[in-house]
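Notes for the structure review
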Amino acid sequence: MSDTVDNILSVRDLEVAFHTLDGTTHAVRGNSFDVPRGQTVALVGESGSGKSVTSYSILRLIQKPGVIEGGSILFRPQNGPEIDLAVIDERDPRLFEVRGGKVGMIFQEPMTALSPVHSIGNQVSEALRLHRQMNKAQAWAEATRMLASVGIPEPETRMRQYPFEFSGGMRQRVVIAMALVCRPELLIADEPTTALDVTVQAQVLELINELKYQISASVIFITHDLGVVAQIADRVVVMNQGLIVETADVRTLYHRPAHPYTRRLLSAMPRLDNPGDEAPFKSDNTLPLPEGWSMDPPGGDWRADARGTRMQEIGPDHQVLLWPQSEAVTA
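Analysis parameters
Within every chain, residues take consecutive numbers counted from 1 along the sequence as written. The predicted origin of the model limits local features to residues at a pLDDT of at least 70 and limits the giving and counting of side-chain atom pairs to 80 or more, whereas totals for whole chains, interfaces and linings rest on all residues. Side-chain metrics in this entry use all non-hydrogen atoms of the structure; hydrogen atoms and water are not considered. Strands here mean DSSP runs of E at least two residues long; helices mean DSSP runs of H or I at least four residues long; both are numbered from the N terminus. The atom set for the radius of gyration is the C-alpha atoms, and the globule formula is 2.2 Å times the number of residues raised to the power 0.38. A simple rule labels every residue: compare its accessible area, found with a 1.4 Å probe on the protein chains alone, to the largest value its type can have, and call it buried under 20%, exposed over 50%, or partly exposed in between. Note on definitions: a residue-residue contact is assigned when non-hydrogen atoms from the two residues lie within 4.5 Å. In these tables, accessible area is a Shrake-Rupley quantity obtained with a 1.4 Å probe, and a residue counts as shielded only by the protein chains included in the view. Neither His nor the chain termini are counted; the positive set is Lys and Arg, and the negative set is Asp and Glu. For charged residues, the charge sits on one atom: NZ in Lys, CZ in Arg, CG in Asp, CD in Glu. When a carboxyl oxygen of Asp or Glu lies within 4 Å of a side-chain nitrogen of Lys or Arg, that pair is called a salt bridge. Whenever a nitrogen or oxygen atom comes within 3.5 Å of another N or O atom, the pair is scored as a polar contact, on the condition that within protein one atom can donate a hydrogen and the other can accept it, and that pairs from neighbouring residues in sequence are kept only if both atoms are in side chains. Should DSSP find at least two bridges between two strands, the strands are taken to pair. Angles here are taken between N-to-C directions and fall from 0 to 180 degrees, while the axes themselves are lines fitted to C-alpha atoms, restricted in helices to the stretch in contact.

Let's talk about the overall build of the chain
Looking only at helices and strands, one finds 12 helices and 13 strands in the chain. For a compact globule of 331 residues, the expected C-alpha radius of gyration is about 20 Å, and the chain comes in at 21 Å, within 12% of that figure. Principal axes of the C-alpha set define a box for the chain whose edges measure 65 × 50 × 45 Å. For the chain, the residues scored as buried account for 50% of the 331 residues in total. Sequence separation of at least 24 residues holds for 65% of the intrachain contacts in the chain that already meet a minimum separation of 6. Only carbon and sulfur atoms are counted for the fraction: they give 50% of the accessible area of the chain, which is about 16,200 Å². With 31 positive and 41 negative side-chain charges, the chain shows a separation of 5 Å between the mean positions of the two kinds.

Let's talk about the pattern of salt bridges
For the structure on display, the rule yields 14 salt bridges. One salt bridge connects R145 with E142, and the closest N-O pair in it is separated by 2.7 Å. Placement of both R145 and E142 in helix α5 (residues 136–149) is noted, with a separation of 3 residues, approximately one turn of the helix. Of the residues examined, R145 reaches a relative accessible area of 51% and is grouped as exposed. Where R235 meets D317, a salt bridge forms, and the shortest distance between an N and an O atom there is 3.0 Å.

Observations regarding the side chain of S294
By secondary structure assignment, the location of S294 is in strand β11 (residues 293–294). For S294, a relative accessible area of 17% translates into the label buried. Engagement of the side chain of S294 in a polar contact is seen with the backbone nitrogen of D296, the distance being 3.0 Å. Look past the residues within four positions of S294 in its chain and what remains in contact with it is L289, L321, L322, W323 and Q325.

Focus on the environment of S149
On the secondary structure map, S149 appears in helix α5. In this view, S149 contacts L207 and L211; residues no more than four positions away in its chain are not counted.

Focus: the sheet that holds strand β4 (residues 66–75)
Taken in spatial order, the 4 strands of this open sheet run β2-β1-β4-β5, and their pairing is antiparallel. Both outer strands of the open sheet, β2 (23–36) and β5 (83–84), are each paired with one neighbouring strand and no more. In terms of strand pairing, strand β1 (residues 7–20) meets β2 through 11 bridges, oriented antiparallel. Pairing of V11 across the sheet is with F33, part of β2. Contacts from helix α1 (residues 51–58) reach β1, β2 and β4, with the element oriented near 115° to β1.

Laid out in structure tokens, this is it:
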């Protein structure tokens with residue numbers, strides 16, 4: 001993390017919890033990371049690691065019983081003052097301007113993101129009428145151009161059709177068009193290729209990369225697939241059990257992964273040059289860590305109280321999560 005870089009988004013000490021009758025689940029536990037302007041940052045980890053909860057928190061889409069309990073989400077638009085999205089009132093008009101206008105989101109499942117009873121044209125053009133004050137004809141024409149730019153053939157005809165008339169890959173392209181039609185400064189992509197076959201997946205990744213440069217957007221890309229990360233990311237944030245365990249640029253993470261959880265994820269990827277068993281889940285004991293600190297939680301329990309943890313710089317812009325091994329360390 002660096003405050004000297006031009007960061008469009010800075011998340012600091014974010015805490016998100018879900019309070020239910022069965023108890024409290026701490027889904028995000030004091031995490032901090034940055035999104036440099038013009039770059040793609042990948043949030044990776046297993047299902048349940050807190051990736052999507054983090055992204056939903058940025059747009060204040062956490063539903064009850066979930067609540068943001070602490071931290072800040074500092075969004076810095078190109079034109080305008082910094083906004084702390086963690087504490088802004090739900091009725092504040094600035095939050096409306098951010099959602100769908102300055103920050104766009106590609107949801108994981110297009111059939112839940114699209115209304116089955118409204119035409120594609122109505123859904124894509126709606127954001128333009130709300131955020132860009134276009135009239136119906138202007139919004140319709142711009143939405144048609146956006147469908148064409150995401151590779152949908154015969155966009156004039158497709159604008160009048162409904163989601164059930166589209167294939168899975170085409171629906172995902174529509175969702176991408178909806179997220180980008182207002183030319184947002186920040187795009188959040190929540191596992192946009194999970195339900196697609198590998199051919200369509202490659203097309204969607206290429207499309208997101210192309211459109212990112214066309215509209216000069218920054219991207220948060222959420223996935224559990226490290227193969228996808230290698231193709232699209234500049235920086236990687238690895239999450240486990242609601243905690244960020246390692247951050248690095250994509251090249252460093254793939255060539256010199258430090259945290260045992262990161263190496264476990266990488267070893268689980270199919271490889272042509274290593275068809276054998278996965279590598280053992282062990283810490284790297286060769287790193288010069290401070291005395292009394294370890295990358296392994298005490299007793300191996302990742303659900304333990306993480307308030308005493310800290311991120312340790314182990315290389316240029318490369319950090320890992322450390323746990324204190326005794327109370328004396330943090331005293």
